[in-house]
Each structure stands twice: as structure tokens, then as C-alpha cells.
Amino acid sequence: MRMSYIGRPVPRVDALDKVTGRALYPADYYFPDMLHLKVLRAPHPHALIRRIDTSRAASLPGVEKILTAEDLPAMGRYGLIIKDQEALVREKTRFMGDALAVVAARTREEARKAIRFIEVEYEELPVMTCPRQAMEKGAVAIHPEGNVVCTHGLDKGDVERGFKQADRIMDGSYSTPHLEHMALQPESGVAIYDPAEDLITIWAASQWLHDTQLDVAGALGLSPARIKLIQPTIG
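Given the structure is predicted, the values throughout are model-derived calculations rather than measurements.

Caption draft 1: Spatial organisation of the environment of Val-13. Looking at where Val-13 falls in the secondary structure, it is placed in the segment before helix 1 (15-20). We classify Val-13 as exposed; its relative accessible area is 85%. A sequence separation of 218 residues divides Val-13 from Gln-231, and the C-alpha atoms of the two residues are 16 Å apart.

Caption draft 2: Region of interest: the environment of Met-182. If you trace the backbone, Met-182 turns up in the loop between helix 5 (159-165) and strand 9 (189-194). We classify Met-182 as exposed; its relative accessible area is 71%. A C-alpha to C-alpha distance of 29 Å links Met-182 and Ala-69, two positions 113 residues apart in sequence.

Caption draft 3: Seen up close, the state of the cysteines. Scanning the model with the defined rule gives zero disulfides in all. Of the cysteine sulfurs around Cys-130, a residue in no disulfide, the closest is that of Cys-150, at 18 Å. For Cys-130, a relative accessible area of 26% corresponds to the partly exposed category. Under the relative-accessibility criterion, Cys-150 is labelled partly exposed at 37%.

Caption draft 4: Representation of the sheet that holds strand 10 (residues 199-204). Ordered in space as 9-10-11, the three strands form an open sheet in which the pairing is mixed. Taken across any chain shown, the strands that pair with only one partner, and hence form the sheet edges, are strand 9 and strand 11 (227-230). In this sheet, neighbouring strand axes are inclined to one another by 15 degrees on average, regardless of whether the strands run parallel or antiparallel. Here strand 9 pairs with strand 10 via six bridges, running antiparallel. In the strand pairing of strand 10, Val-190 is matched with Trp-203. Against the sheet, helix 6 (residues 209-220) touches strand 10 and strand 11, its axis set at about 145 degrees to strand 11.

Caption draft 5: The arrangement of the sheet that holds strand 1 (residues 36-41) in detail. Taken in spatial order, the three strands make up an open sheet running 1-7-3, and their pairing is antiparallel. Among the strands making up the open sheet, the edge pair consists of strand 1 and strand 3 (63-68). Averaged over all pairs of adjacent strands, the angle between strand axes in this sheet comes to 20 degrees, irrespective of strand direction. Where strand 3 lies against strand 7 (residues 99-105), five bridges are found, and the strand directions are antiparallel. Across the sheet, Val-63 pairs through a bridge with Ala-105, a residue of strand 7.

Rules used throughout
- Residues numbered from 1 in each chain as written.
- Predicted model: local features only at pLDDT ≥ 70, side-chain atom pairs only at ≥ 80, totals over all residues.
- Heavy atoms only, no water.
- Helix = DSSP H or I, 4+ residues; strand = E, 2+ residues; numbered from the N terminus.
- Buried < 20%, exposed > 50% of the residue type's maximum accessible area, 1.4 Å probe, protein only.
- Disulfide = S-S within 2.5 Å.
- Pairing = 2+ DSSP bridges.
- Axes fitted to C-alpha atoms, helices over the stretch in contact; angles between N-to-C directions.
- Contact = heavy atoms within 4.5 Å.

This is the structure we're talking about:
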């Protein structure tokens, strides 16, 4: 049976709105009197946090609130495979970009300025850059439980027989550089709390809506039913 779409051009349903600027991305959502958040992120891939001083940043005009892990002792963890990632780092950074503090200010510029006034004292630790070395006995432990996230066993066919019957066996080690995809829209989001319904509504870009809902609920210690996630246009 010949499918009507095979071998034929298919128009993209979102193309016109994107090229004309009508599409609304997460950064395009604004609400009256909303605060703007900026996150201070770790510059070191592996380091102990000795001190975080937010006093200078908190005194700047427009700054309404600054939060660190010390302000949220009950905040849970999240993660795609296992829940081992802190929403705000408490003791140790484990990758460049770990979140250390959140600034809420009346304007985006004021929040961005306040980030630069937060003082952090680090004690840098050894960095693991090779997965094989990270799995070796005695390797520097990134997590208390070790460096292996999970293991899976796969047995299929008779390997020894396959080697004996093979015309040629090739063995080698291969590596690729680090890659990071870049979305066409800024990474951002907007959230509103409705006290009447006790509901948090979030407009943010996500590839896994249900996983994100569970992660936000877990980090805040709330039921997922109290988190409503809306997917705007993504790039």
C-alpha cells in the first residue's frame, strides 16, 4: 500500500509562525509584576563549596530575594535516570553549571547584576574526564555512591562461535569530542502560583513533559498534581 506522504513534501505546521515572528517561545511570556530570576552557576566541574555570601547582592536595588541551598533544607533531588542531582548545590559541585544560588529581582538587568556580587569560596577537587578511568578502582568519587550510574547486562548469541567464524576481527578504541546542541530559543521559563487552586503553572521548553513535572514536584516536595506544565513553542 502506497502511503500518501512518502516521497512528497510535507509542510511544517509551525514554520510560518516561526519565520514571521508570531511564535511565542518561553522567553516571550510576561505577566504583570512578575519577578525575573537569574541563576549563579558553578565555574568549576568539581569543587567543595566553603562559603556563599549573598549579602552584597541582596542589598542592590531591585533585588527581592536570593536563595541558596541553606534557605531550602528540605528541597529534594531530581534526575533522568536516578534522582541524584541537587536543584541548588549544598556542599559540592559536580559539573560546570551546577546551580548555586537564585536571584529574584524586579528586572532582568538587576537580577543579572546581582549575580556578579555573590561571593563564593571554592576548594577545587580533582576532575574526572575519562569514563574508563572513572570506573577504575580507587578513582576519585564524584558521588558518594561512586561514579557508575547504572549497569546493564546484554547476552545475545554465541560470541566465541562468532569470533571463530568471522573472516576478520577489528579491535580498537574510539572517542569523540564533547558535543552540545543549541536550541533556537533562549533557555527560560515562567511560573505562576495560584493560591486559590494551590497550583503552580509553568511555561517552559522541555523534551519530556511528564519527567519534568515529576522532577519539579520531587524537588519541591509536592504532589505532581500540583504542578501544571505547559509546552510553548520550542526551537
